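Tertiary structure, described
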Amino acid sequence: MATTDPIRDKKNVKRLINYFKERDKTRNCLLVVMGVHTALRISDILKLTWQDVYDFEKRRLRKTISLTENKTGKKKTIALNKDIIETLTLYAKERSPLLPKDYIFRSQIAPMSHISRVQAYRIIKEAAVNLGLEGNIACHSLRKTFGYHAWKGKFPVPVIMEIYNHTSFDVTRKYLGISQDDKNKIYLNMSFFK
């Protein structure tokens, strides 16, 4: 399997999100928004149900989601930022009435199930190709994009490692997709004469 790349340019992340907005594909837009804002693996995103994100008793979206990661078995709590809340709100209006055990990313072919990882791949890959995004962009790119932009935003690498549940910096470094251009910017901007 080929290694995926993060989307390094924030403008291209926005283009990917807008690609689905402009086509009234709110579910697919939410898939991207959740991926780039939570750093969850696609398998964990697809398994989310409405009760994970919506408090049916209080009739409002939750501010956090708690889940057990499929791959690691570790519990994780994630704060939902305004971009996720806005997109979830739009999608919830489209899907009303919401049922607690319904998958957020429900399959249109099999309504009692979520879309498959293969279908999620097709959704992301087709949009990336149509937009002419550079690199190998697929589902895992969303997770990597989170880390890349967190790192570029100068968030501490140990915190990013904790979010990813990585035990070594080497694994996180690969996720961040640090390129020679990134290294060159540091070399060229390092000056003690300023």
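Scope of this entry: the structure provided in the associated data block. (Residues numbered from 1 in each chain as written. Predicted model: local features only at pLDDT ≥ 70, side-chain atom pairs only at ≥ 80, totals over all residues. Heavy atoms only, no water.)

Describing the state of the cysteines
Enumeration according to the criterion identifies zero disulfides in this entry. With no disulfide of its own, Cys 139 lies 15 Å from the sulfur of Cys 29, the closest cysteine sulfur. Relative accessible area serves as the criterion here: at 9%, Cys 139 is assigned to the buried category. (Disulfide = S-S within 2.5 Å. Buried < 20%, exposed > 50% of the residue type's maximum accessible area, 1.4 Å probe, protein only.)

Digging into the packing of aromatic side chains
Summed over all chains, the structure comprises five aromatic pairs. Taking the centre distance of 5.9 Å and the plane angle of 35° together, the rings of Trp 50 and Tyr 91 count as tilted. Of this pair, Trp 50 sits in helix α4 (residues 50-53) while Tyr 91 sits in helix α5 (residues 82-95), and the two are 41 residues apart along the sequence. The residues Trp 50 and Tyr 91 share a single accessibility class, namely buried. Ring geometry for Tyr 148 versus Trp 151: centroids 5.9 Å apart, planes at 55°, classification tilted. You can see Tyr 148 and its partner Trp 151 sitting in helix α7 (residues 139-152), three residues apart, about one turn around the helix. This pair shows no difference in class: Tyr 148 is buried, exactly as Trp 151 is. Arg 8 extends its terminal NZ or CZ atom over the ring of Tyr 148, reaching a point 5.7 Å from the ring centre. Stacked on the ring of Tyr 19, the Lys or Arg Arg 23 has its end atom at 3.7 Å from the ring centre. (Phe/Tyr/Trp six-rings, centres within 6.5 Å; stacked < 30°, edge-to-face > 60°. Helix = DSSP H or I, 4+ residues; strand = E, 2+ residues; numbered from the N terminus. Lys NZ or Arg CZ within 6 Å of the ring centre and 35° of its normal.)

Purely geometric stuff here, so don't read any function into it on its own.
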